[in-house]
Amino acid sequence: MRMDQFLLDNVTDYGAVPFWGLIHHKMSEKMGYWKASCSVLLVCIFVGLCSVYQCSAAEVDAYQTAKLMVNASSGRPIPETLFGIFFEEINHAGAGGIWAELVSNRGFEAGGQNTPSNIAPWSIIGDQSSLTVSTDRSSCFERNKVALRMHVLCDSEGSNICPAGGVGIYNPGFWGMNIEQGKIYKVVLYVRSLGSINVSVSLTSSDGLQILATANIVDSDVSNWTKTEVLLEAKGTNPKSRLQLTTSRKGVIWFDQVSAMPLDTYKGHGFQKELIEMLEDIKPQFIRFPGGCFVEGEWLRNAFRWKESIGPWEERPGHFGDVWMYWTDDGLGYFEFLQFFETGLANPVTSEDIIYVHSILQLSEDLGARPIWVFNNGISHRDEVDTTTVSPFVQEALDGLEFARGASDSKWGSVRAAMGHPEPFDLKYVAVGNEDCWKKNYRGNYLKFYDAIKRAYPDIKIISNCDGSSHFLDHPADYYDFHIYTSASHLFSMTHQFDHTSRSGPKAFVSEYAVTGKDAGTGSLLAALAEAGFLIGLEKNSDIVEMASYAPLFVNDNDRRWNPDAIVFNSSMHYGTPSYWVQKFFRESSGATLLDANLQTNSSSLVASAITWTNSVDGETYLKIKIVNFGNRHVSLEVSVDGLGLNSQLSGSTKTVLTSSNVMDENSFTDPNKVVPDLSLLENADKDMNIIIAPYSLTSLDLLTESNSIRMPQTDSSARSSI
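Residues numbered from 1 in each chain as written. Predicted model: local features only at pLDDT ≥ 70, side-chain atom pairs only at ≥ 80, totals over all residues. Heavy atoms only, no water.

Trainee: Can you help me understand the sheet that holds strand β22 (residues 545-548) in this one?
Mentor: The strands that make up a sheet are held in pairs by hydrogen bonds between backbone atoms, and each pair lies either parallel or antiparallel. Taking strand neighbours across the sheet as the criterion, the eight strands line up as β2-β14-β17-β18-β19-β20-β21-β22 in an open arrangement whose pairing is parallel. The open sheet has two free edges, formed respectively by β2 (85-86) and β22, since each of these has just one partner strand. Sheet analysis places strand β17 (residues 370-375) next to strand β18 (residues 429-432), joined by four bridges and oriented parallel. In the strand pairing of β18, F375 is matched with V432. (Pairing = 2+ DSSP bridges. Helix = DSSP H or I, 4+ residues; strand = E, 2+ residues; numbered from the N terminus.)

Trainee: How should I be thinking about the packing of helix α9 (residues 391-405) against helix α10 (residues 411-418) in this particular structure?
Mentor: Axis angle and axis distance: for two packed helices, these are the angle between their axes and the distance between the axes, and together they describe the pair. It is the contact of α9 with α10, at a shortest axis distance of 7 Å, that shows an interaxial angle of 45 degrees. Relative to α10, the element α9 lies oblique. In the crossing of α9 with α10, the sense of the turn from one axis to the other is right-handed. Across the interface between the two elements, D399, E402, F403, A404 and R405 of α9 pack against K411, W412, G413, V415 and R416 of α10. (Axes fitted to C-alpha atoms, helices over the stretch in contact; angles between N-to-C directions. Parallel < 35°, antiparallel > 145°, perpendicular 65-115°, else oblique. Left-handed = near helix turned anticlockwise from the far one by under 90°. Contact = heavy atoms within 4.5 Å.)

Trainee: I'm lost on the side chain of E89 in this one. Help?
Mentor: In this structure, E89 sits in the loop between β2 and β3 (123-125). Put simply, E89 is tucked away with no salt bridge, and the nearest opposite charge, on R561, sits 9.4 Å away. Reaching out from E89, the side chain makes a polar contact with the side chain of Y326 at a distance of 2.5 Å. Those residues in contact with E89 that sit more than four places away from it in its chain are G94, A95, P290, F294, W324, Y326 and T328. (Buried < 20%, exposed > 50% of the residue type's maximum accessible area, 1.4 Å probe, protein only. Lys, Arg positive; Asp, Glu negative; His and termini not counted. Salt bridge = Lys/Arg side-chain N within 4 Å of Asp/Glu carboxyl O. Polar contact = N/O pair within 3.5 Å; in protein donor to acceptor, adjacent residues only side chain to side chain.)

Trainee: Help me understand the pairing of strand β33 (residues 697-704) in this model?
Mentor: The side chains of a regular strand alternate between the sheet's two faces. Burial analysis of β33 places eight of its eight residues in the buried class, which makes it a mostly covered element. Where burial is concerned, the two faces of β33 agree: the one with S697, T699, L701 and L703 and the one with L698, S700, D702 and L704 are both buried. Of the strand pairs in this sheet, strand β28 (residues 621-629) and β33 are connected by eight bridges, and their pairing is antiparallel. Each residue of the ladder has a partner; that of I625, found in β33, is L701. Where strand β30 (residues 654-658) lies against β33, five bridges are found, and the strand directions are antiparallel. Bridge pairing in β33 links L658 to L698.

Trainee: Got a minute to help me understand the state of the cysteines in this structure?
Mentor: Note: disulfide means a covalent bond formed between the sulfur atoms of two cysteine side chains. For the structure shown, the criterion picks out two disulfides. Each disulfide pairs two cysteine sulfurs, and for C154 the partner residue is C162, the sulfurs being separated by 2.0 Å. Residues C154 and C162 are joined by a disulfide whose S-S torsion is about 95 degrees; by sign, that bridge is right-handed. Comparing C154 with C162, the two get one shared label, buried. With its bonded cysteines labelled in order along the sequence, the chain shows the pairing 1-2, 3-4. (Disulfide = S-S within 2.5 Å.)

Trainee: Teacher, can you tell me more about the pattern of salt bridges here?
Mentor: It is possible for side chains bearing opposite charge to pair when their charged atoms get close. Under the definition given, this model contains 32 salt bridges. A salt bridge links R587 to D281; the nearest nitrogen and oxygen atoms lie 3.3 Å apart. With R587 in the loop between α14 (578-585) and β26 (593-600) and D281 in helix α4 (residues 273-281), the pair connects residues that are 306 residues apart, well separated along the chain. Residue R587 is classed as buried on the basis of its relative accessible area, which comes to 16%. Measuring nitrogen to oxygen at the nearest pair gives 3.6 Å for the salt bridge that ties K624 to E588. Of the two residues, K624 sits in strand β28 while E588 sits in the loop between α14 and β26, which places them 36 residues apart along the sequence. The burial state of K624 is the same as that of E588; both residues are buried.

Structure follows, in structure tokens:
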């Protein structure tokens, strides 16, 4: 290969790598045999190449031209369900994430049901001369018998005096508890002792030196297990705080089910306010839960079981998620998930534990999302149940549907009613397993579930794990699951993935998609733009693709099991990755009207779509045009709109752009807004206009229309209310 051709062929098209740095890298990587004596020749070659590159750079900077013709005289309705979210218990998304419980391993069960048990992350305050700590199976809760036994050897007087502040145990939460000044925290614990107790319940700094809030539990008779509650008002702020239980009185004390939650949760329903508000802001139309691989388990013995995640939180045994390798107390269980997304909820029964047991009774009204329940079909990553013996798993699924939809006097419906929700949930979608199509017993097992569910609940839509986008399924299904994790260039090329999919048969559910690998980093602009191009393809094919959701949704920065993710958080901070911000560009698409948009361009790096949607706040109808430029050149885009009048009010039309100076730019805790959408007025809004589209960008034009009457095939209305 000629040297000049080698250099030019290897120039990256990202437009972000200095030319000489690239030359040096490629020469070092592929031309290492060159000797120092060639350096003079290389300099001469480089000088010559500079002039060549300058010409090339001038061509790169020259604007490309393209034309987008939008025909608004008729349109096709987009399904109400098109864009939603997928929640999986991964990366401590729930435990230590959206669920506001501050205590990790609150029931001391994480080490297993046998004793002695590992009580981590609980630790001891004091030394072996002042106390000993162990576990036993003396708890009053039948489904989680392990309790902590604390034998205090020191006292407030005598020869072995306790150190100042006392001795005891502390819990650091999930990499630190975020305690904020002025906020109130509710601590609930169960305690037993052979004598009287005087226990201090405190929120402190990570080293215990700063007391943020404290209260004493004094009781002369706790010979039987006794539930105790205290409210702590923080006098200071510390994102790395801990909860500690201390005493200076000699004796033996047992503790179990120690919980701490802020009263200031999202609408008082037990969820982290800031994180749920980020979900609310993208207006998801559905939520797929609770996994994912979390549902399968590495082994069936550790798979998620819905029956063990309902009832009072103290009675839930929790389980070890052996795929993502951490323990969950299952405070965020099947009941909470259903309530999270159900609408029109009944009032809960009166209970002093409402913040724990009935944590999210109103949240679903705010999100208005449809629940999609993924259940285990007798298959894990490493073992599977034969079809001839899968009936217990089928019955468990039927019981779960009865819990959600059965009458309040049915066996499992009555359990739901006892938890404060006598009215059935509106559960209409279920997925039989996750990514199991290639497993030996999947098809046989699937048919057992399909037949049983359709007999009992004919209206429920059933989702198969098998991909039907390129060939017909060999079994009945209402939807088929489609998952894709790949490079940026490949995902962008999949804009046309469903163009030629058969329009007969089951619909597609793209329940997991994302750019991964080196293109993604921990959440790059490049990844987000490729995903935006893919979503435009799904939007255009929404007659066959009815649902789509990004994955994974959340990551606690202290436990990254997967990269990238949409929302990153720790105990006190959070931000959205560029992939999260892409979701906001599509939040008006569900239930909108897809228009015919013909893009004329010589570039394979440009895709576009057009929809109309109605804003429920002002009642106005907008034409939204989205354009993804996945190339390194500016584009001069001529837009022509036919069949729809545009309002001349300049204040009514806007332009929103997601881009940055480098395609690998990411957001972070130190710079959470490095890559976020930029909103501005669109001053030249007209039916014919010219828009400059930046390199590597996602652009949205929201044009205020004069009329919201668009002719629809076989429908009277096309527009959807959206904020």
